[in-house]
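# Structure assessment
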Amino acid sequence: MCGIVAVIGSRDAAPLLLEGLKQLEYRGYDSAGLATIEFSSQASNNGSLTCLRAGGKLVNLNSLVDRDGAPGQLGIGHTRWATHGKPEEKNAHPHRDSSGGLAVVQNGIIENHRYLRKELESEGVSFLSDTDTEVIPHLIARQLQLSLAEGMSPSGSILVEAVRKVSLELKGAYALAVIWDKTPESLVVARRQAPLLIGLGEGEFLCASDTPALAGFTRTILPMEDGEVALLTPLGIELYDIRGERQQRSPSLLNGLEDVVTKRNFRHFMLKEIYEQPEKAKLWVDRHLPYGLPASSPIAYPFENSFYEGIERIQILACGTSRHAGMVGAYLLEQFAGIPTSVFYASEFRYSAPPLAPNTLTIGVTQSGETADTLAALAMESRRRKSHGNPAFAPRQLGITNRSESSIARQVPNILDIGSGIEVGVAATKTFLGQLLAFYGLALTFASRRKSRSVEEITTMANELRNLPSQLFSLIEKHDQLSISLSQMFSETQNVIFLGRGINYPIALEGALKLKEISYIHAEGYPAGEMKHGPIALLEKRVPVISIATPGVVFEKVLSNAQEAKARDAKLIGVAPNGLAEEVFDALLPIPEVSEWMSPLFSVIPMQLLSYHIAANRGLDIDQPRNLAKSVTVE
Ligand code: G6P
């Protein structure tokens, strides 16, 4: 989940690396570093390697580069999210071999690093960091020594071969980039189960762990496949599989990155992204819910009939906010479309999946398309189903993602692109709404195909969805103002309880997650009926309770649960329509009176805006909260 950028070309590498890293900072911002190589002597063909690293955010590395300079047209850069070793300068990448002439940046986790480190230490290698990565430059240097001892001269070929051989020794998921001062015209990159893309620029080749880092320089990309190693020189790209066989593939074009990353006039990306939701909802409606489709097929999704046929159950795998979207999805798929559906933490499913059931659709939900646990859970499920042999148990998979060029799109045969546009704020907002809408579309389609709902019910939901963009627009403006004033009462708050039931229980979880992520206030989301079985012990006047109470089967029940909280002196904030139960609440965050099915699309807005303003009042780093990263590519 760190970010990697690398370049080889004809202009100075350092500014390019810094620009690329800026676009990747959402992947981690504990420390950053870069290494560049400049020809020092044409005669010897050696280069001189500069390595600069700084703790904290990228601005610190920028200052260091300004002060000390990093000459050369070949370079690698890294922005870190600490896994092994504290976020200190000594653990920042690049890491080097004992000579200091070979530098490596890595994203991922080397699971057998302890074993490899001991082996290298027994050979006399000294380690300077606490990271798992530092074994890699030493292992590559050891391989290179062997080749040189056999009489080979330094060359890109021996470097790429050394990296390939070392890849075979490494366990875990990783992407890495390597430079060596003896081969100043060679950049070697490799990946296994962590994303890495090569970019073909004008007069230069680049490599990065995610598209935003490349988009400013080129639109032509070559995603690397699992296990591949590549040699990039000023003359071209040589791609090899893990056995050393040369691979040939054509590059593809990047689309849809036009709105990459300006805050416009907003103070934070998160606020901008909250405000983008009506526009993104409108795009979804225009694309998938055009008027005139038959009730038997109410949604324009890019799937054949056979995709929907014979599905008897659904399982949803996801992490974080995406799992909350999956929970709303499960409610819709079960209660509206009548298909038994289960939701799993992908990280749990990987190691404790339920017994196989036939005719099951597995849906992976991941906005980034790169979350390691979600990808691994999907891959594991696919493997065990393939090995079963009975066609009823064959894998049937769908990915719901915001990044149709990401790893999930290469792993899973069917993809629903939520089309929310790049989300920069670490706390997901517009992509959550996009994921919810993807599930509304699926629920409508399954309900109409299975006739679990009448034509009228399906038409009503479709029309309600068509009205959503305009309703969201005014709701966001109103709640932005309301949340500014309400957030004042949270200046000393340390604990908050969020309550919801039924289809709004996941929204209570999402409200609590948003608040924790960006304000560092402890928050719990609970199904309202469960409060009396434990969390009620926490309640007193300093613990606000935010209760989502929308009309539907559990409306009165939620109000009773809210009263129980009020009786314990808790400050009670209602997320409910005007005019239904004002007297119950100390403060009201009003949402439109819509059908129960539709309510999560509205109740989530006050959750996002209240969390945002509470964190803003505290002066926190909302777009890059401490310890978090937007894309979690390690297990
Ligand atoms: C991280 C992010 C969350 C996100 C989760 C899953 O924890 O900080 O905002 O919900 O990963 O990410 P995904 O890309 O799979 O949706």
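Residues numbered from 1 in each chain as written. Predicted model: local features only at pLDDT ≥ 70, side-chain atom pairs only at ≥ 80, totals over all residues. Heavy atoms only, no water.

### Side note on the packing of aromatic side chains
- The full count for this structure, using the stated rule, is 9 aromatic pairs.
- Plain terms: the ring middles of Tyr301 and Phe303 are 6.3 Å apart, the flat faces sit at 65° to each other, and that makes the pair edge-to-face.
- Judged by relative accessible area, Phe303 falls into the buried class, the value being 13%.
- A ring pair is formed by Phe344 and Phe349, whose centres lie 5.0 Å apart and whose planes are at 65°; its orientation type is edge-to-face.
- Through successive ring pairs, a cluster of aromatic residues spans Tyr301, Phe303, Phe307, Tyr308 and Phe446. (Phe/Tyr/Trp six-rings, centres within 6.5 Å; stacked < 30°, edge-to-face > 60°. Buried < 20%, exposed > 50% of the residue type's maximum accessible area, 1.4 Å probe, protein only.)

### Considering the sheet that holds strand 7 (residues 172-180)
- Read from one edge to the other, the open sheet built from 7 strands follows the order 5-6-7-8-12-13-14, with strand pairing classed as antiparallel. The open sheet is flanked by strand 5 (95-96) and strand 14 (246-247), the only strands paired with a single partner.
- Note that strand 8 (residues 187-192) and strand 12 (residues 229-233) share 4 bridges and pair antiparallel. When the sheet's bridge partners are listed, Val188 is paired in strand 12 with Leu231.
- Sitting on the sheet, helix 5 (residues 156-169) touches strand 6 (102-110), strand 7, strand 8, strand 12 and strand 13 (236-240), and the angle it makes with strand 12 is about 160°. (Pairing = 2+ DSSP bridges. Helix = DSSP H or I, 4+ residues; strand = E, 2+ residues; numbered from the N terminus. Contact = heavy atoms within 4.5 Å. Axes fitted to C-alpha atoms, helices over the stretch in contact; angles between N-to-C directions.)

### What to know about the site of the ligand
- Close to the ligand lie 13 residues; Ser322, Thr366, Gln367, Ser368 and Thr371 are nearest.
- With respect to the ligand, the side chain of Thr371 contributes an N or O atom lying 2.4 Å from an oxygen atom.
- Per element, the largest residue contribution to the shell around the ligand is 3 residues, and it comes from helix 10 (residues 320-336).
- Residue composition of the shell around the ligand, grouped by class: 4 nonpolar, 7 polar and 2 charged. (Near = heavy atom within 4 Å. Polar contact = N/O pair within 3.5 Å; in protein donor to acceptor, adjacent residues only side chain to side chain. Nonpolar A, V, L, I, M, F, W, Y, C, P; charged D, E, K, R; others polar.)

### Thoughts on the pairing of strand 24 (residues 572-576)
- Here strand 24 lies mainly inside the structure; 5 of its 5 residues are buried.
- Residues Leu572, Gly574 and Ala576 line one face of strand 24 and the alternating positions Ile573 and Val575 line the opposite face, and both faces are buried.
- Inspection of the sheet shows strand 23 (residues 545-548) paired to strand 24 by 4 bridges, in the parallel sense. Considered in strand 24, the bridge of Ile548 is made with Val575.
- Following the chain from strand 23 across helix 17 (residues 555-566) to the adjacent parallel strand 24, one finds a crossover that is right-handed.
- By the bridge criterion, 4 bridges tie strand 24 to strand 25 (residues 587-590) in an arrangement that is parallel. Bridge pairing in strand 25 places Gly574 opposite Leu588. (Right-handed = clockwise from strand over helix to strand, strands pointing away.)

### Notes on the side chain of Ser487
- Here Ser487 shows up in the loop between helix 15 (455-486) and strand 21 (495-500).
- Under the relative-accessibility criterion, Ser487 is labelled buried at 1%.
- Within the local environment of Ser487, its side chain forms a polar contact with the backbone oxygen of Ile484, the two atoms lying 2.7 Å apart.

### A look at the nonpolar core
- Among the nonpolar cores identified, the biggest contains 85 residues, and Ile363, Ile400, Tyr440, Leu442, Phe446, Leu465 and Leu601 are the most heavily contacted of them.
- By residue number, the principal contributor to this core is helix 14 (residues 430-450), which donates 12 residues.
- Excluding anything up to four places from it in sequence, Leu601 contacts Leu433, Leu436, Leu437, Tyr440, Leu465, Leu468 and Leu472.
- Grouped together as the second largest cluster of nonpolar side chains are 28 residues, Ile136, Val166, Leu176 and Leu231 included. (Core = buried A, V, L, I, M, F, W, Y, C linked by side-chain atoms within 4.5 Å.)

### Description of the domain arrangement of the protein chain
- Domain boundaries in the protein chain define domain 1 (3-252) and domain 2 (269-617).
- Domain 1 puts 10 residues into the contact, and the matching count from domain 2 is 8 residues.
- Per-residue buried area on domain 1 facing domain 2 is highest for Tyr26, Pro195 and Thr211; these three make up 41% of the total on that side.
- One can count 1 salt bridge joining domain 1 with domain 2.
- In this structure, Asp210 and Arg403 form a salt bridge, with 3.1 Å as the shortest nitrogen-oxygen distance.
- Here the side of domain 1 that touches domain 2 is built from residues that sort into 6 nonpolar, 1 polar and 3 charged. (Domains from an automatic or database assignment. Buried area = accessible area lost by both parts, 1.4 Å probe. Salt bridge = Lys/Arg side-chain N within 4 Å of Asp/Glu carboxyl O.)

### Regarding the pattern of salt bridges
- All told, the structure shown has 28 salt bridges when counted by the stated rule.
- The salt bridge involving Lys90 is made with Asp130; its shortest N-O contact spans 3.2 Å. In this pair, Lys90 sits in the loop between strand 4 (74-80) and strand 5 while Asp130 sits in the loop between helix 3 (113-122) and helix 4 (135-149), placing the two residues 40 residues apart along the sequence.
- Given a relative accessible area of 36%, Lys90 falls into the partly exposed group.
- Accessibility expressed as a relative area gives 37% for Asp130, which makes it partly exposed.

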